[in-house]
Amino acid sequence: MAENKLQIETIELYKFLIPLKEPFIISLGAEYNAQSVIVVIKTKEGIIGFGECSPYAAINTETVDTCMIVGQLLAKVLKNENPLDIKNCFQCMDKVIYGNTSIKSAFDMALLDIASQYAGVPLYKHLQNLYTQFFDSKELKKNGDKKEEVKKKDLFTDYTISIGKVDKMAADALRFKEQGFTIIKIKVGGDPKLDIERIKAVRKAIGNDIALRIDANQGWKVKDAIEVLKSVKKCNIQFCEEPIARWNFMKLPKVRMNSPIPIMADESCGDHHDAERLIALGACDMFNIKLGKCGGLYNALKIINLAEADAMPIQIGGFTESKLGVTAEAHLAHVSKNILYYDFDTPLMFTEDPVTGGIVYEKNGLVIVPEVAGLGATINNDWLGRMDKVVV
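Residues numbered from 1 in each chain as written. Predicted model: local features only at pLDDT ≥ 70, side-chain atom pairs only at ≥ 80, totals over all residues. Heavy atoms only, no water.

### So, the overall build of the protein chain
Turning to step 1, where the next piece is worked out: Along its length, the protein chain carries 14 helices and 17 strands.
Turning to step 2, where the next piece is worked out: In terms of overall size, the protein chain behaves like a compact globule, its C-alpha atoms giving a radius of gyration of 20 Å where 392 residues would be expected to give roughly 21 Å.
Turning to step 3, where the next piece is worked out: Each principal axis of the C-alpha distribution contributes one length, and for the protein chain these read about 60 × 50 × 35 Å.
Turning to step 4, where the next piece is worked out: Within the protein chain, the fraction of its 392 residues that count as buried is 59%.
Turning to step 5, where the next piece is worked out: Long-range contacts, defined as pairs at least 24 residues apart, comprise 73% of the intrachain contacts of the protein chain with a sequence gap of at least 6.
Turning to step 6, where the next piece is worked out: Distance from the positive charge centre (49 side chains) to the negative charge centre (51 side chains) of the protein chain: 4 Å. (Helix = DSSP H or I, 4+ residues; strand = E, 2+ residues; numbered from the N terminus. Rg over C-alpha atoms; globule rule 2.2 N^0.38 Å. Buried < 20%, exposed > 50% of the residue type's maximum accessible area, 1.4 Å probe, protein only. Contact = heavy atoms within 4.5 Å. Lys, Arg positive; Asp, Glu negative; His and termini not counted. Charge placed at Lys NZ, Arg CZ, Asp CG, Glu CD.)

Written out as structure tokens, the structure is:
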């Protein structure tokens, strides 16, 4: 691909907001609207790429407004660059500003949409090819002599229940089970004793025949985390996401050692440097990769590589992206056999769907990615016309 060349001509940034059907509440706070920035990159050759990020200030220190400002800085340095050279494009962005992984992930998504359209393959196949190229280079760790081919697999998303009153959480969980979802995830991370009640009530309501996951979003102290996890041992919990504060990751090995439930690192695992540190510490059993934390699909491959080398399972999750961003996440899920868990439910919480194409939700939460060249999802023109817009 290095000898192939396109040229970025214009970049458009859109501010996007859609109300949620009901508030989405976690230990870090409540969201009432899905807010995103849409990035549209147009090449002189006529290929157009779409990207999206859904910033979350308490996790990646970004907001829609900061993304719109930083996005203009990134757009200026990427203009006239070759979108097929993703490594160079990232170097250009990183030289402009440190961090800002959310808005960079939207650019990354649009760039790889262009690259996979140019290659004439769905995004997941392009990512598989890109990962194989990495594997054959000296950039990533090797787990074997050859990168094993990954066949397209079934992706069943969970459905997430907001933290709240015990009875409501149990009723909501049962409602989504009755709708056909085979995996329920509940938000906890409040009062430890109340969280124990919440978990037990939800398990009782949905029975033992479907998977149950819990996500504390950093809400517990170390002692409380261990107490809660031991107390719900019999509830058959698949895993617990981020039980303690992200800054307290040095204590995460203690929690893991004393927990009968596998520990998944989420907020404490931003990029591949975090992943490498957590592996060295023996801090967790698995990772939750979110594009807005690691900076996009390109950087996510580096975390996947580390997890594969250490035989660690992976979840692909997200923030409150529309079907556009979640489509990219679903494509990524086909890159590795170690990616076993999928958190792709947020578009189902929207009051409207602004996306043309993209993933399709089928029975029991099965998620199907489009078999067309590129990402296979765009924001429809009616919605683009309604959004605040900046053109570079």
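### Some details on helix 13 (residues 323–332)
Turning to step 1, where the next piece is worked out: Of all 10 residues making up helix 13, 10 are buried, and the element is well covered by its neighbours.
Turning to step 2, where the next piece is worked out: Of all the residues in helix 13, the buried ones are K323, L324, G325, V326, T327, A328, E329, A330, H331 and L332.

### Let's talk about empty space enclosed by the protein
Turning to step 1, where the next piece is worked out: One pass over the full model with this rule turns up two cavities of 30 Å³ or more.
Turning to step 2, where the next piece is worked out: The space that makes up the largest cavity amounts to roughly 150 Å³.
Turning to step 3, where the next piece is worked out: Together, 15 residues line the largest cavity, and F24, K187, K290, G318 and F319 are the ones closest to its centre.
Turning to step 4, where the next piece is worked out: Those elements giving two or more residues to the lining of the largest cavity turn out to be strand 1 (8–26) and strand 6 (183–187).
Turning to step 5, where the next piece is worked out: Looking at the lining of the largest cavity residue by residue, the class counts come to five nonpolar, four polar and six charged.
Turning to step 6, where the next piece is worked out: Estimates place the volume of the second largest cavity at around 40 Å³.
Turning to step 7, where the next piece is worked out: Looking at the second largest cavity, the residues that line it are E52, C53, S54, S102, S105, M109, L291, G292, F319, E321 and E329.
Turning to step 8, where the next piece is worked out: Within the residue set of the lining of the second largest cavity, elements represented by two or more residues are strand 3 (48–53), helix 4 (101–119) and helix 11 (291–294).
Turning to step 9, where the next piece is worked out: Of the residues forming the lining of the second largest cavity, the biggest block, three residues, is contributed by helix 4. (1 Å grid on protein atoms, 1.4 Å probe; cavity = no way out; pocket = protein on both sides within 12 Å on 5 of 7 lines; lining within 4 Å. Points joined across faces, edges and corners; volume = space filled by probe spheres on them. Nonpolar A, V, L, I, M, F, W, Y, C, P; charged D, E, K, R; others polar.)

### Notes on the state of the cysteines
Each disulfide is one covalent bond, formed between the sulfur atoms of two cysteines.
Turning to step 1, where the next piece is worked out: Per the counting criterion, the structure on display carries zero disulfides.
Turning to step 2, where the next piece is worked out: Free of any disulfide, C240 has its nearest neighbouring cysteine sulfur in C284, separated by 12 Å.
Turning to step 3, where the next piece is worked out: For the unlinked cysteine C269, the closest cysteine sulfur is that of C284, found at 6.9 Å.
Turning to step 4, where the next piece is worked out: On the accessibility criterion, C269 (1% relative accessible area) is buried. (Disulfide = S-S within 2.5 Å.)

### Digging into the sheet that holds strand 15 (residues 366–368)
Turning to step 1, where the next piece is worked out: The three strands are arranged 4-15-14 in an open sheet whose pairing can be described as antiparallel. On the outer flanks of this sheet lie strand 4 (155–156) and strand 14 (360–361), each paired with one strand and no other.
Turning to step 2, where the next piece is worked out: As judged from the two bridges shared by strand 14 and strand 15, these two strands associate in the antiparallel manner. Bridge assignment links Y361 to a residue of strand 15, and that residue is V367. (Pairing = 2+ DSSP bridges.)

### Digging into the side chain of S336
Turning to step 1, where the next piece is worked out: Note that S336 resides in the loop between helix 13 and strand 12 (339–342).
Turning to step 2, where the next piece is worked out: Ignoring any residue separated from it by four or fewer positions in sequence, one finds S336 in contact with V150, K153, I304 and E308.

### Brief notes about the sheet that holds strand 3
Turning to step 1, where the next piece is worked out: Ordered in space as 3-2-1-17, the four strands form an open sheet in which the pairing is antiparallel. The outermost strands of the open sheet, each flanked by one partner alone, are strand 3 and strand 17 (388–391). Averaged over all adjacent pairs, the angle separating strand axes in this sheet is 20 degrees, with direction ignored.
Turning to step 2, where the next piece is worked out: Where helix 2 (residues 64–78) meets the sheet, its contacts fall on strand 1, strand 2 (29–43), strand 3 and strand 17, and the angle it forms with strand 1 comes to roughly 160 degrees. (Axes fitted to C-alpha atoms, helices over the stretch in contact; angles between N-to-C directions.)

### Some remarks on helix 8 (residues 222–231)
Turning to step 1, where the next piece is worked out: Restricting attention to buried positions, one finds in helix 8 the residues V222, A225, I226, V228 and L229. Taken around the axis of helix 8, the buried residues stretch over an arc of 165 degrees, which confines them to a single face.
Turning to step 2, where the next piece is worked out: Against the buried residues of helix 8 lie helix 7 (192–206), strand 7 (211–215), strand 8 (237–241), helix 9 (252–258) and strand 9 (263–265). (Arc of directions from axis to C-beta.)

### Comments concerning the pattern of salt bridges
Between side chains of opposite charge, a pair can form when the charged atoms approach closely.
Turning to step 1, where the next piece is worked out: For the structure shown, the criterion picks out 21 salt bridges.
Turning to step 2, where the next piece is worked out: Two residues, K185 and E241, come together in a salt bridge whose shortest N-O distance is 2.8 Å. Taken together, the positions of K185 in strand 6 and E241 in strand 8 put the pair 56 residues apart, joining distant regions of the chain. Of the two residues, K185 and E241, both sit in the buried class.
Turning to step 3, where the next piece is worked out: Beyond isolated ion pairs, a larger network of salt bridges with shared partners links K185, K187, D215, E241 and D343. (Salt bridge = Lys/Arg side-chain N within 4 Å of Asp/Glu carboxyl O.)

### A closer look at the layout of surface pockets
In this approach the atoms are scanned with a rolling probe the size of a water molecule, which exposes any empty space left behind.
Turning to step 1, where the next piece is worked out: The space that makes up the largest pocket amounts to roughly 630 Å³.
Turning to step 2, where the next piece is worked out: Taken together, 26 residues form the lining of the largest pocket, with Y98, G99, T101, D271 and K293 sitting closest to its centre.
Turning to step 3, where the next piece is worked out: Put simply, the parts of the chain that give the lining of the largest pocket at least two residues each are helix 1 (57–60), helix 3 (86–96), helix 4, helix 10 (272–281), helix 11 and helix 12 (297–309).
Turning to step 4, where the next piece is worked out: Among the elements that make up the lining of the largest pocket, the one with the highest residue count is helix 3 (four residues).
Turning to step 5, where the next piece is worked out: For the lining of the largest pocket, a count of residues per class yields six nonpolar, 11 polar and nine charged.

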